[in-house]
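The chain contents come next:
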Amino acid sequence: MRPLRIPAELLAAVVAHARAEAPLECCGLLAGSADGRVSHHFPLRNDLASPTDYLTNARDLFAASKAVRAAGAEVLAFYHSHPASQPVPSAKDVAGNHWGGTVVHLIVGLAGPEPDVRAWHITESGYEPAAWSLDQA
Ligand SMILES: [Zn+2]
């Protein structure tokens, strides 16, 4: 599976989004090229406005998907935040995943002194770590 490569400034934008929405969860998506390099960041509204759960706003998702296609890119990852817990998929994250096991889920954990970003593949029965790296280029 292609490892996700995220430019530092896009990862910083994701963390900034998470901090701006805290104590509520934020969500969004990352898009880029088929080789896994992220080039686009789309913040999406969390319809639940909850500190422990999220539901991607359907209109935002539709608009972002259109923009991704228009840019000739593809959806590589979804992200959301855990403002007060570890960046590990919750039972709801596993039950609510409709994207199959290939899309990467980034979770930004804000419970510690520094943001903790981890990537996961969520399957029907659970989750496993996904490969990703900071792209310094
Ligand atoms: Zn979660």
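Note that the coordinates shown come from a computational prediction; the quantities given were computed from them, not determined experimentally. Throughout this document, residue positions are counted from 1 along each chain, in the order its sequence is written. Restriction of local features to residues with pLDDT of at least 70 applies here, the model being predicted, together with a cutoff of 80 or more for giving and counting side-chain atom pairs; totals for whole chains, interfaces and linings are based on all residues. Values shown for side chains rest on all heavy atoms present in the structure; no hydrogens or waters enter the calculation.

Provide a residue-level description of helix H2 (residues 58–70), including the pertinent values.
Its 13 residues place the ends of H2 18 Å apart at the C-alpha level, agreeing with the 18 Å of an ideal helix rising 1.5 Å per residue. A 1.4 Å probe rolled over the protein chains alone gives each residue an accessible area, and that area as a share of the maximum for its type sets the label: buried under 20%, exposed over 50%, partly exposed in between. Numbering of helices and strands starts at the N terminus; helices are DSSP runs of H or I of at least 4 residues and strands are runs of E of at least 2. Asp 60, Leu 61, Ala 64 and Val 68 are the residues of H2 that are buried. Down the axis of H2, the sector holding all buried residues measures 95°, keeping them to one side. Pointing more than 90 degrees away from the buried face of H2 are the exposed residues Ala 58, Arg 59, Phe 62, Arg 69 and Ala 70. Note on contacts: a residue pair qualifies if any of its non-hydrogen atoms lie within 4.5 Å across the two residues. On the buried face of H2, the contacting elements are strand S2 (27–32), strand S3 (38–44) and strand S4 (74–82). Polar contacts, as counted here, are pairs of nitrogen or oxygen atoms within 3.5 Å of one another; within protein the pair requires one atom able to donate a hydrogen and one able to accept it, and residues that are adjacent in sequence qualify only if both atoms are side-chain atoms. Two to three positions downstream of the cap, the backbone nitrogen of Arg 59 sits 3.1 Å from a side-chain oxygen, assigning the N-cap of H2 to Asn 57. Residue Gly 72 follows H2 closely and has a positive phi angle near 70°. Residue count minus one, scaled by 1.5 Å, sets the expected span of a helix. This arc corresponds to the set of directions leading from the helix axis out to the C-beta atoms.

So what about the coordination of the zinc ion? Which residues, and what values?
Metal sites are built from N, O and S donor atoms within 2.8 Å, or 3.2 Å for Na, K and Ca, and they leave out water, so they may look incomplete. Here the zinc ion is held by His 80 (NE2), His 82 (NE2), Asp 93 (OD) and Asp 93 (OD), and the distances to it run 2.0 to 2.7 Å. Taken together, the four donor atoms coordinating the zinc ion and their angles of 54 to 161° define a geometry best described as irregular. Mapped onto the sequence, the residues coordinating the zinc ion show the spacing H-x1-H-x10-D. Highlighted residues: His 82 in strand S4 and Asp 93 in helix H3 (residues 91–95), separated in sequence by 11 residues. Asp 93 matches His 82 in its accessibility class, with the two residues each being buried. All geometry calls rest on donor angles, where a four-donor set with angles between 85 and 135 degrees is tetrahedral, four- and six-donor sets with opposite donors more than 155 degrees apart and all others between 65 and 115 are square planar and octahedral, and all else is irregular.

Tell me what's going on with the nonpolar core, and back it up with residues and numbers.
Ranked by size, the top nonpolar core spans 20 residues in total, and within it Leu 4, Ile 6, Leu 30, Val 38, Leu 106 and Val 108 carry the most contacts. The set of elements that each furnish at least two residues to this core consists of strand S1 (4–7), helix H1 (8–21), S4, strand S5 (104–109) and strand S6 (116–122). Per element, the largest residue contribution to this core is five residues, and it comes from H1. In this structure Val 108 touches Val 14, Val 15, Ala 18, His 80, Ser 81, His 82, Pro 87, Asp 116 and Val 117, once residues within four positions along its chain are discounted. Ala 31, Phe 42, Leu 44 and Tyr 54 belong to the second largest nonpolar core, which has 12 residues in total. To form a nonpolar core, buried Ala, Val, Leu, Ile, Met, Phe, Trp, Tyr and Cys residues must be joined to one another through side-chain atoms within 4.5 Å.

Can you break down the pattern of salt bridges residue by residue, with the values?
Side chains bearing opposite charge may pair, as long as their charged atoms lie close to each other. For this analysis, a salt bridge means a side-chain nitrogen from Lys or Arg found within 4 Å of a carboxyl oxygen belonging to Asp or Glu. This structure, assessed with the given rule, holds six salt bridges. Asp 135 is the salt-bridge partner of Arg 5, the closest N and O atoms lying 3.5 Å from each other. In this pair, Arg 5 is assigned in strand S1 and Asp 135 in strand S8 (residues 132–135), connecting sequence segments 130 residues apart. The class of Arg 5 is partly exposed, set by a relative accessible area of 28%. Linking Arg 118 and Asp 116 is a salt bridge whose minimum nitrogen-to-oxygen distance equals 3.0 Å. Residue classification places Arg 118 among the partly exposed positions, given a relative accessible area of 28%. Taking relative accessible area as the criterion, Asp 116 reaches 28% and is therefore assigned partly exposed.

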